[in-house]
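Reading the structure
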Amino acid sequence: MKNLRVETEEQYSINKQNVHHVISRLKKELKFSISFLQINFVSSQHIKFLNEEYLEHKGSTDIITFNYSSQNYILDAESYICIKTAEENAKSFNITVQNELIRLIIHGILHLTGYDDINESDRKKMQKEENRLVDLIFHKDIKILENDDK
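Residues numbered from 1 in each chain as written. Predicted model: local features only at pLDDT ≥ 70, side-chain atom pairs only at ≥ 80, totals over all residues. Heavy atoms only, no water.

Mapped onto the secondary structure, Glu7 falls in strand β1 (residues 4-8). Assessed through its relative accessible area of 27%, Glu7 is described here as partly exposed. Between the C-alpha atoms of Glu7 and Ile39, which are 32 residues apart in sequence, the distance is 6.2 Å. Every residue in contact with Glu7, bar those within four places of it in the chain, is listed here: Gln38, Ile39, Asn40 and Phe41. At 2.5 Å, the side chain of Glu7 forms a polar contact with the side chain of Arg5. (Helix = DSSP H or I, 4+ residues; strand = E, 2+ residues; numbered from the N terminus. Buried < 20%, exposed > 50% of the residue type's maximum accessible area, 1.4 Å probe, protein only. Contact = heavy atoms within 4.5 Å. Polar contact = N/O pair within 3.5 Å; in protein donor to acceptor, adjacent residues only side chain to side chain.)

The residue Asn3 is not glycine, and still its phi comes out positive at about 75°. Mapped onto the secondary structure, Asn3 falls in the segment before β1. Residue classification places Asn3 among the partly exposed positions, given a relative accessible area of 32%.

As paired elements, β1 and strand β2 (residues 33-42) share five bridges and run parallel to each other. Following the sheet pairing, Thr8 is matched in β2 by Phe41. After leaving β1, the chain enters helix α1 (residues 16-30) and then returns to the sheet as β2, a path that is left-handed. (Pairing = 2+ DSSP bridges. Right-handed = clockwise from strand over helix to strand, strands pointing away.)

Note on placement: Ala77 falls in strand β4 (residues 74-82). On the accessibility criterion, Ala77 (0% relative accessible area) is buried. Taking the C-alpha atoms as reference points, Ala77 and Ile109, 32 residues apart in sequence, are found 9.4 Å from one another. Beyond its immediate stretch of four places on either side in the chain, Ala77 contacts Phe36, Leu37, Gln38, Phe66, Asn67, Tyr68 and Leu112.

Structural data, given as structure tokens:
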């Protein structure tokens, strides 16, 4: 897909074609275009640095998205997804790592298209849409993390 880059740190093997497939489905469903979008799969150390340096939050997190656009439906952004935190989330929610990675991609895109999760009401709306999109897109054959047997 034009204007979409998928990057990963050496220790991870990401199926970039499947990430493109997920974004393509989201693009059709949410009706946005991409000026530039880079999705980075990173370590907990890397996301911890970004979280503390740019957001002034302590510790690691699962996803950070930087939105450079003033328009919700023309994406110009970078997303950073922490594989280790995704693995921990998957374990605690009793889902697959693949499902959690797709959920995180969706979560980042929803933020970029105007959804927010700061207050309870907005969080419920965002979570409902996130669940709908996960149900629409996720199936067992989509693998984002190649070296994951779960």
